Amino acid sequence: MKHLDVAKFLFVLWCIALGALFVTALWLPGSTALSISPSANTLSAPTPDPLAEPTLPAVPSQADYGAQVYWLHCMACHGNKGQGLTAEFRQLYPQDHQDCWKSGCHGHRPYTNGFVLPTVVPPLIGSNVLDNFSTAAALYDFISSAMPFQAPASLDSTQYYQLVAFLLRQNGLWSSSVEINASNAAQIPVSMKENATAPSVPQSPVRESNNGVLWIILVGLALIIIVLSAILFIRKKTKA
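Given the structure is predicted, the values throughout are model-derived calculations rather than measurements.

## Focus on helix α2 (residues 62–73)
Between the first and last C-alpha of α2 there are 16 Å, a value that for 12 residues agrees with the 16 Å anticipated at 1.5 Å per step. Burial in α2 covers these residues: Q62, A63, D64, G66, A67, V69 and Y70. Considering only its buried residues, α2 is in contact with α3 (75–78) and α6 (157–170).

## As for the nonpolar core
Ranked by internal contacts, the top residues of the largest apolar core, which has 40 residues, are Y70, L117, I143, L163, V164, L168 and I180. Among the secondary structure elements, those contributing two or more residues to this core are α2, α3, α5 (136–146) and α6. Looking at which element gives the most residues to this core, the answer is α6, with 8 residues. Setting aside chain neighbours within four positions, we find V164 in contact with A136, L139, Y140, I143 and I180.

## Here we look at unusual backbone geometry
Leave glycine aside and you will find that most residues have negative phi; peptide bonds, for their part, are mostly trans. Between M147 and P148 the backbone carries a cis peptide bond, its omega angle lying at -5°. With respect to the secondary-structure elements, P148 resides in the loop between α5 and α6. Although it is not a glycine, N128 adopts a positive phi angle of roughly 60°. With respect to the helices, strands and loops of the structure, N128 is situated in the loop between α4 (87–90) and α5. Residue classification places N128 among the exposed positions, given a relative accessible area of 54%. A positive phi angle, close to 60°, is found at A153, a residue other than glycine. Examined against the element boundaries, A153 turns out to sit in the loop between α5 and α6.

## Concerning the packing of aromatic side chains
Summed over all chains, the structure comprises 5 aromatic pairs. Between F133 and F142, the aromatic rings sit 5.6 Å apart at their centres with planes inclined by 50°, giving tilted as the arrangement. The buried category is assigned to F133, whose relative accessible area is 6%. A connected cluster of aromatic rings, assembled from ring pairs, spans Y140, Y160 and Y161.

## Describing the packing of α5 against α6
The N-to-C vectors of α5 and α6 enclose an angle of 125°; their axes lie 10 Å apart at closest approach. Regarding the angle of α5 to α6, the classification is oblique. Of the two elements, α5 crosses α6, and the hand of that crossing is right-handed. Contact residues: A136, L139, Y140, I143 and S144 in α5; S157, Y160, Y161, L163, V164 and L168 in α6. Per-class residue counts for the contact of α5 with α6 are 9 nonpolar, 2 polar and no charged.

## Here we look at the confidence of the model for the protein chain
Parts of the model with low pLDDT should not have their predicted coordinates read in detail. In this model, the protein chain carries an average pLDDT of 77, and 59% of its residues clear a pLDDT of 70 or more. The low-confidence segment residues 26–40 (pLDDT under 50) makes 12 contacts with residues lying over four places distant or belonging to another chain. The model gives residues 204–213 a pLDDT under 50, and that stretch makes 21 contacts with residues more than four places away or in other chains.

## Some points on the packing of α2 against α6
Remark: α2 packs on α6, axes separated minimally by 7 Å, with the N-to-C direction vectors making an angle of 100°. On the basis of the axis angle, α2 is roughly perpendicular to α6. Contacts between α2 and α6 involve Q62, A63, D64, Y65, G66, A67, V69, Y70 and H73 from the first element and Q159, Y161, Q162, L163, A165, F166, L167 and R169 from the second. Of the residues contributing to the contact of α2 with α6, the split by class is 10 nonpolar, 5 polar and 2 charged.

What counts as what
- Residues numbered from 1 in each chain as written.
- Predicted model: local features only at pLDDT ≥ 70, side-chain atom pairs only at ≥ 80, totals over all residues.
- Heavy atoms only, no water.
- Helix = DSSP H or I, 4+ residues; strand = E, 2+ residues; numbered from the N terminus.
- Expected span 1.5 Å × (residues − 1).
- Buried < 20%, exposed > 50% of the residue type's maximum accessible area, 1.4 Å probe, protein only.
- Contact = heavy atoms within 4.5 Å.
- Core = buried A, V, L, I, M, F, W, Y, C linked by side-chain atoms within 4.5 Å.
- Phe/Tyr/Trp six-rings, centres within 6.5 Å; stacked < 30°, edge-to-face > 60°.
- Axes fitted to C-alpha atoms, helices over the stretch in contact; angles between N-to-C directions.
- Parallel < 35°, antiparallel > 145°, perpendicular 65-115°, else oblique.
- Left-handed = near helix turned anticlockwise from the far one by under 90°.
- Nonpolar A, V, L, I, M, F, W, Y, C, P; charged D, E, K, R; others polar.
- pLDDT = per-residue confidence, 0-100.

Spelled out as structure tokens, the structure:
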């Protein structure tokens, strides 16, 4: 191989390697390679934080307290608006937390003392989302025994009833100032569906992220090209 041809070949190999490493950097979780921070002159007025803790009114109701219980124990999985764990909702989180099912987060091989998250987390606020619960008592019985998903039955009864009041209010099913409790929950209808039965706790299979595999492939390709080009360069020097 002529000297010029070898030089061109090495140049092409190095370009491919650098390109692979550049693409890898862009695909890494949390990568900020292309992030652009707006200047101070282009910043608009601050918008409300959709993940901020709800504030209590001067005279909070049971449902108002329930909004805070929801924010603290339910929102991370069921959405800031009760919409469920949608892709749109997950985009509100930092980039390195948006893929809930990657290893080391809530997927295969979760973090220490962590838990594996179902791939489908249902909405709690919206049309007919509580149809599987005939009364407030049925809703209370389910969430007080099965939720939060990672720590079932870990809240006290007051918090669970506050959460029931909040969910019923947000679904337009309860507006009374009377507090929901063990004595009246069975008389408060939730669904008109016949034979409504509470759902089972979700046990969906884990979805594993492919980002780690892609990262390994690209880095491996770059290393192979670099090593190959180094060998060719050494051989060329030896022949010279």
